[in-house]
Amino acid sequence: MGTVSAVRMETFLAVARHSSIRRAAAQLHITEAAASAAVSHIEKQLDAKLIAKSGRGIALTEAGRVYADYCRSILGLMKEAHAAVRAAETGRLRIGVVATAGEFVLLRLMASFRNRYPDIELGFSIQPRDVLFVELTHHETDLVVAGRPPREAGLVTRARRPSQLVVVGAPGLWPDPSEATWLLRGTGSGTRDTTLALFDRLQIRPPTLTLGTHGAALAAAREGLGITLIHTDAVENDLVGRRLEVLPIDGTPLSRPWHVVTTRTPPPTARLFLSHITDPGRVGDKAFRAA
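Quick summary incoming for the structure in this document. Since the model is a prediction, treat every value here as computed from it, not as a measurement.

**Notes on helix 10 (residues 268-277)**
Then comes step 1: With 7 of 10 residues buried, helix 10 is to be regarded as a mostly interior element.
Then comes step 2: Taken together, the buried positions of helix 10 are occupied by Thr269, Ala270, Leu272, Phe273, Leu274, His276 and Ile277.
Then comes step 3: In this fold, the buried residues of helix 10 make contact with strand 3 (92-97), helix 5 (99-116), strand 5 (143-146), strand 6 (156-161), strand 13 (258-262) and helix 11 (280-283).

Next up, the structure:
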């Protein structure tokens, strides 16, 4: 059996992502014939059918889905290996975060890290929790800040920082929170899942309004559209400025610490970042505690 080059793997993943050879070729700035030839070469090497026609486009076969999963991991590991042999102070660090942590927890830490290590190339991605941990498992990102990782993922929590989830609403507007509409994040949000679990625990089925992002949910809460469960990190200024208040809901506040998560073999830049954010002398009260 011959080998498959990284370029052909990347072409196959583009085809898989777009469900189209034409769109994959356009993204990669190659001809459709070249993209099709790359997929055909891989199928010949593997002696397996990886794609099949589906309506006007194409879809992965079961073998194709399995192979795409391996391609993501292989390409991620190759990039990680390249970064690992560079000096940590001049390498690359790809950080993935959930929205609340990205906007209210990590930016100040990243700013002080960049000031300390200006030659490190920083990448920053805000994604739903489940997407982040899949990307980390495939070595497509180096470090994730989110809730607790899935136990079966084989990932390692390197540091934690306390945080609580509280229910907030516009001051004085909800004397009986049981009558309020609950404002939810989009599918894939850990906070949304926790809110729905809270409904089950309280045995309630209140009206809900899905707004997608935590920023939209907070804005709607300030305007009196309803109440929402959110990390205290995201509402510190709103509580001080009396734009929101914490509502007394049974079962809250909930302890939901932030976790800094890596694979078992994080690159040197990730270790450098971990050392930085767990040093109170450098980052003050925003420091994480090493796990």
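**Remarks on the packing of aromatic side chains**
Given two aromatic rings, one states the distance between the centres and the angle between the planes to describe the pair.
Then comes step 1: Throughout the structure, instances matching the rule amount to 4 aromatic pairs.
Then comes step 2: When the ring of Phe12 is compared with that of Tyr67, the centres are 5.5 Å apart and the planes differ by 55°; the resulting orientation is tilted. Here Tyr67 lies in helix 4 (residues 62-84) and Phe12 lies in helix 1 (residues 6-18), a separation of 55 residues in the sequence.
Then comes step 3: Each member of the aromatic cluster is reached from another via a ring pair, and the members are Phe113, Tyr117 and Phe273.

**Notes on the side chain of Arg94**
Then comes step 1: Relative to the helices and strands, Arg94 resides in strand 3.
Then comes step 2: A distance of 3.1 Å separates the side chain of Arg94 from the backbone oxygen of His139, its partner in a polar contact.
Then comes step 3: Ignoring sequence-local partners within four residues, the contact set of Arg94 consists of Lys79, Gly123, His139, Glu140, Thr141, Asp142 and Leu143.

**Describing a positive patch on the surface**
Then comes step 1: There is a patch of like positive charges on the surface, built from Arg148, Arg151, Arg201 and Arg256.
Then comes step 2: For Arg256, the location among the structural elements is in the loop between strand 12 (254-255) and strand 13.

**With respect to the layout of surface pockets**
Over the atoms, a rolled probe matching the size of one water molecule traces out where space is still vacant.
Then comes step 1: What the largest pocket holds in volume is close to 650 Å³.
Then comes step 2: Among the secondary structure elements, those contributing two or more residues to the lining of the largest pocket are helix 5, helix 7 (190-202) and strand 13.
Then comes step 3: It is helix 7 that contributes the most residues to the lining of the largest pocket, 4 residues altogether.
Then comes step 4: For the lining of the largest pocket, the residue count by class is 9 nonpolar, 15 polar and 5 charged.
Then comes step 5: The calculated volume of the second largest pocket comes to roughly 310 Å³.
Then comes step 6: Along the walls of the second largest pocket sit 14 residues, with Leu13, Arg17, Arg72, Leu75 and Glu140 positioned nearest its centre.
Then comes step 7: Of the residues forming the lining of the second largest pocket, the biggest block, 6 residues, is contributed by helix 4.
Then comes step 8: Looking at side-chain class alone, the lining of the second largest pocket contains 5 nonpolar, 2 polar and 7 charged residues.

**Some thoughts on the packing of helix 1 against helix 3 (residues 32-46)**
Then comes step 1: Contact geometry for helix 1 and helix 3: axes closest at 9 Å, N-to-C directions at 110°. By the criterion of interaxial angle, the relationship of helix 1 to helix 3 is roughly perpendicular. Along the contact surface, helix 1 presents Arg8, Met9, Thr11, Phe12 and Val15, while helix 3 presents Ala35, Ala38, Val39, His41 and Ile42.
Then comes step 2: Tallied by class, residues from the contact of helix 1 with helix 3 come to 7 nonpolar, 2 polar and 1 charged.

Analysis parameters
Residues numbered from 1 in each chain as written. Predicted model: local features only at pLDDT ≥ 70, side-chain atom pairs only at ≥ 80, totals over all residues. Heavy atoms only, no water. Buried < 20%, exposed > 50% of the residue type's maximum accessible area, 1.4 Å probe, protein only. Helix = DSSP H or I, 4+ residues; strand = E, 2+ residues; numbered from the N terminus. Contact = heavy atoms within 4.5 Å. Phe/Tyr/Trp six-rings, centres within 6.5 Å; stacked < 30°, edge-to-face > 60°. Polar contact = N/O pair within 3.5 Å; in protein donor to acceptor, adjacent residues only side chain to side chain. Patch = residues over 30% accessible without salt bridge, like charges linked within 9 Å, V, L, I, M, F, W, Y side chains within 5 Å. Areas by Shrake-Rupley, 256 points an atom, 1.4 Å probe, with all protein chains shown as cover. Salt bridge = Lys/Arg side-chain N within 4 Å of Asp/Glu carboxyl O. Lys, Arg positive; Asp, Glu negative; His and termini not counted. Charge placed at Lys NZ, Arg CZ, Asp CG, Glu CD. 1 Å grid on protein atoms, 1.4 Å probe; cavity = no way out; pocket = protein on both sides within 12 Å on 5 of 7 lines; lining within 4 Å. Points joined across faces, edges and corners; volume = space filled by probe spheres on them. Nonpolar A, V, L, I, M, F, W, Y, C, P; charged D, E, K, R; others polar. Axes fitted to C-alpha atoms, helices over the stretch in contact; angles between N-to-C directions. Parallel < 35°, antiparallel > 145°, perpendicular 65-115°, else oblique.

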